[in-house]
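Examination of the molecular architecture
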Amino acid sequence: MKINIIPFGDSYERECLDLIKKIVTDGFIDEGIDIKRDKKHLDEELLIQFTRLKEFSHHYFLAQKDNKVVGMIAYLQPCEAVKLAMKSLKIKSSSIIEIVAVYVHPDHQRKGIGSMLFKKMKGILHKNNIDYFAVSTGYKKGRAFWTKKLGEVSVLFPTYYSGHPCSAWIRKVGDII
């Protein structure tokens, strides 16, 4: 299985939007959220993700197999949950980024693609002399993946996302490189 990790390009936008929609919708379903009854919540989350991709496309990297996008990862400034976690942990660093949009198409999960994307991101963190990185998620699959990669959650917010939990990990870059 040959996977290429490449920077985002405009020609991949449609595939990326489709991947985001698939992952977010499946994530809601996995969490037991009735997407028909709570369509507004799903639509809001999709709009956030789509807008983020369009505004910060230069921070996205894609996993390609046979010229098809099968995964993605990005980095941004920390979200509010991460800022709250930093405050809780008494971390006062401006040299922190959050790894976001770690999505792998369900047909390609559990094949090392997420790990390949994370490895790419670790290289970027190291190259740019970033002190800390963070990851946050409200999805069960996301919590399982990041717990496997990073160990115990740094901070858990039990009802952060409309009554659903948010887990946040904050790590020193030097501890994982």
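Residues numbered from 1 in each chain as written. Predicted model: local features only at pLDDT ≥ 70, side-chain atom pairs only at ≥ 80, totals over all residues. Heavy atoms only, no water.

One number sums up the size of the largest pocket: a volume of about 1400 Å³. Forming the walls of the largest pocket are 49 residues, and the residues nearest its centre are Val102, Tyr103, Thr137, Tyr139 and Gly142. Looking at the lining of the largest pocket element by element, the count peaks at 8 residues for helix α5 (residues 140-150). Residues belonging to the lining of the largest pocket are distributed by class as follows: 21 nonpolar, 14 polar and 14 charged. (1 Å grid on protein atoms, 1.4 Å probe; cavity = no way out; pocket = protein on both sides within 12 Å on 5 of 7 lines; lining within 4 Å. Points joined across faces, edges and corners; volume = space filled by probe spheres on them. Helix = DSSP H or I, 4+ residues; strand = E, 2+ residues; numbered from the N terminus. Nonpolar A, V, L, I, M, F, W, Y, C, P; charged D, E, K, R; others polar.)

Before going further, it helps to spend a moment on the side chain of Ser167. Tracing the backbone through its elements, the reader meets Ser167 in strand β7 (residues 164-172). Given the relative accessible area of 1%, Ser167 is considered buried. What Ser167 contacts, discounting residues up to four positions off in sequence, is Val135, Ser136, Thr137, Arg143, Val153, Val155 and Leu156. (Buried < 20%, exposed > 50% of the residue type's maximum accessible area, 1.4 Å probe, protein only. Contact = heavy atoms within 4.5 Å.)

Let's shift gears to the environment of Tyr103. Relative to the helices and strands, Tyr103 is located in strand β4 (residues 96-104). Between the C-alpha atoms of Tyr103 and Ala74, which are 29 residues apart in sequence, the distance is 9.6 Å. With residues up to four places along the chain from it excluded, the contact list for Tyr103 reads Leu19, Ile20, Ile23, Val24, Gln49, Val70, Gly71, Met72 and Leu117.

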